[in-house]
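Here is how the chains run, residue by residue.
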Amino acid sequence: MNQTLAIIKPDATGNGDAGRIIAHIEAAGFVIRALRMVTLTEAQARAFYDVHRERPFYQSLVAFMTSGPCIPMVLEAESAIRRYRDAIGATDPAEAAPGTVRQLYAESKERNAVHGSDSAENARREIAFFFSESERIG
C-alpha cells in the first residue's frame, strides 16, 4: 500500500463540494488515513508551494490557497499516487476525463478543486507538511 496527499482546495470547499469529492475518493478505493480542515496562512502556502516560486502563477496560487478553508487528507491504496491522479483528472477541467473529480467539480485550470502529490518523494514531504506521524492512522 502507498500513500499520497490530497487537498480539497478553497474553491471546492466554498462551493459545498467537499463531501461529494470525499465520497468520490472513497468510491475509487482509497482509505482516508488522516483528514483536517485548515485555512492556510500566506507563509504556509508559500512554503507548501515553494517548488513553484519561480513560476508566473506562484503569487496567484498562494492568494487562492489562502482564500478559504481547504481539506488536506492522507490517502492510502495500491499505487496511490498514480491512481489518485487518474481519479482527479487533468489540471485543466476542460481536458479532464469524464467522471474525474476535476471534470465534475473544477471551475478552471487555476481553480481546479483538488491537489494531488505527483511523486513518492513529494507525497512524503507534503504529508509531513500537514500531518505528524501520530496523526496518521494505519
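Computed from a predicted model, the values in this text were never measured in an experiment. (Residues numbered from 1 in each chain as written. Predicted model: local features only at pLDDT ≥ 70, side-chain atom pairs only at ≥ 80, totals over all residues. Heavy atoms only, no water.)

Q: What exactly am I supposed to notice about the overall build of the protein here?
A: Within the protein one finds 7 helices and 4 strands. Secondary structure elements of the protein, listed N to C terminal, follow the sequence β-α-α-β-α-α-β-α-α-β-α. A compact globule built from 138 residues would reach a C-alpha radius of gyration of about 14 Å, and the protein, at 14 Å, matches this within 12%. With the principal axes as the frame, the protein shows a C-alpha extent of 35 × 35 × 25 Å. When the 138 residues of the protein are sorted by exposure, 44% land in the buried category. Long-range pairs, those at least 24 residues apart, make up 76% of the contacts in the protein with a sequence separation of at least 6. For the protein, the accessible area works out to roughly 6900 Å², and carbon and sulfur atoms hold 50% of it. In the protein, 16 side chains carry a positive charge and 18 a negative one; their mean positions are 1 Å apart. (Helix = DSSP H or I, 4+ residues; strand = E, 2+ residues; numbered from the N terminus. Rg over C-alpha atoms; globule rule 2.2 N^0.38 Å. Buried < 20%, exposed > 50% of the residue type's maximum accessible area, 1.4 Å probe, protein only. Contact = heavy atoms within 4.5 Å. Areas by Shrake-Rupley, 256 points an atom, 1.4 Å probe, with all protein chains shown as cover. Lys, Arg positive; Asp, Glu negative; His and termini not counted. Charge placed at Lys NZ, Arg CZ, Asp CG, Glu CD.)

Q: Before we go on, may I ask you to explain the side chain of T4 in this structure?
A: With respect to the element layout, T4 can be found in strand β1 (residues 2-8). The exposure class of T4 is buried, given its relative accessible area of 0%.

Q: Mind showing me how you'd approach the packing of aromatic side chains here?
A: The description of two aromatic rings rests on the distance between their centres and on the angle between their planes. Counted according to the given criterion, the structure contains 5 aromatic pairs. Seen in terms of ring centroids, F48 and Y49 are 4.8 Å apart; in terms of plane orientation they differ by 85°. Their pairing is edge-to-face. Taken individually, F48 and Y49 each receive the classification buried, so the pair is uniform in this respect. Each ring, one from F48 and one from F130, has its centre 5.3 Å from the other, and the planes form 55°; the classification is tilted. Residue F48 is found in helix α3 (residues 42-48), and its partner F130 is found in helix α7 (residues 120-130); the two are separated by 82 residues along the sequence. F48 gets classed as buried once you look at its relative accessible area, which sits at 2%. (Phe/Tyr/Trp six-rings, centres within 6.5 Å; stacked < 30°, edge-to-face > 60°.)

Q: Which parts of the structure should I look at to understand helix α4 (residues 58-65)?
A: What sets the pattern is the α-helix's 3.6 residues per turn: residues three or four places apart point alike. Of all the residues in α4, the buried ones are Y58, L61, V62, F64 and M65. Seen from one end, α4 has its buried residues packed into an arc of 165°, which puts them on one side. Each element contacted by the buried residues of α4 is listed here: β1, α1 (10-14) and α3. (Arc of directions from axis to C-beta.)

Q: Please clarify how the pairing of β1 should be interpreted in this entry.
A: When a strand is regular, its side chains alternate between the sheet's two faces. Of all 7 residues making up β1, 5 are buried, and the element is well covered by its neighbours. Sheet topology places β1 next to strand β3 (residues 71-77); 7 bridges connect them, and they run antiparallel. By the bridge assignment, L5 is partnered in β3 with V74. (Pairing = 2+ DSSP bridges.)

Q: Sorry, what's going on with the pattern of salt bridges here?
A: Working definition: two side chains of opposite charge can pair if their charged atoms are close together. Within this structure, the stated rule accounts for 10 salt bridges. The partner of R46 in a salt bridge is E42, with the nearest N and O atoms 2.9 Å apart. Of this pair, R46 and E42 are both found in helix α3, 4 residues apart, which corresponds to roughly one turn of the helix. Judged by its relative accessible area of 26%, R46 falls in the partly exposed class. Between R82 and D86 there is a salt bridge, with its nearest N and O atoms 3.2 Å apart. Of this pair, R82 and D86 are both found in helix α5 (residues 80-88), 4 residues apart, which corresponds to roughly one turn of the helix. (Salt bridge = Lys/Arg side-chain N within 4 Å of Asp/Glu carboxyl O.)

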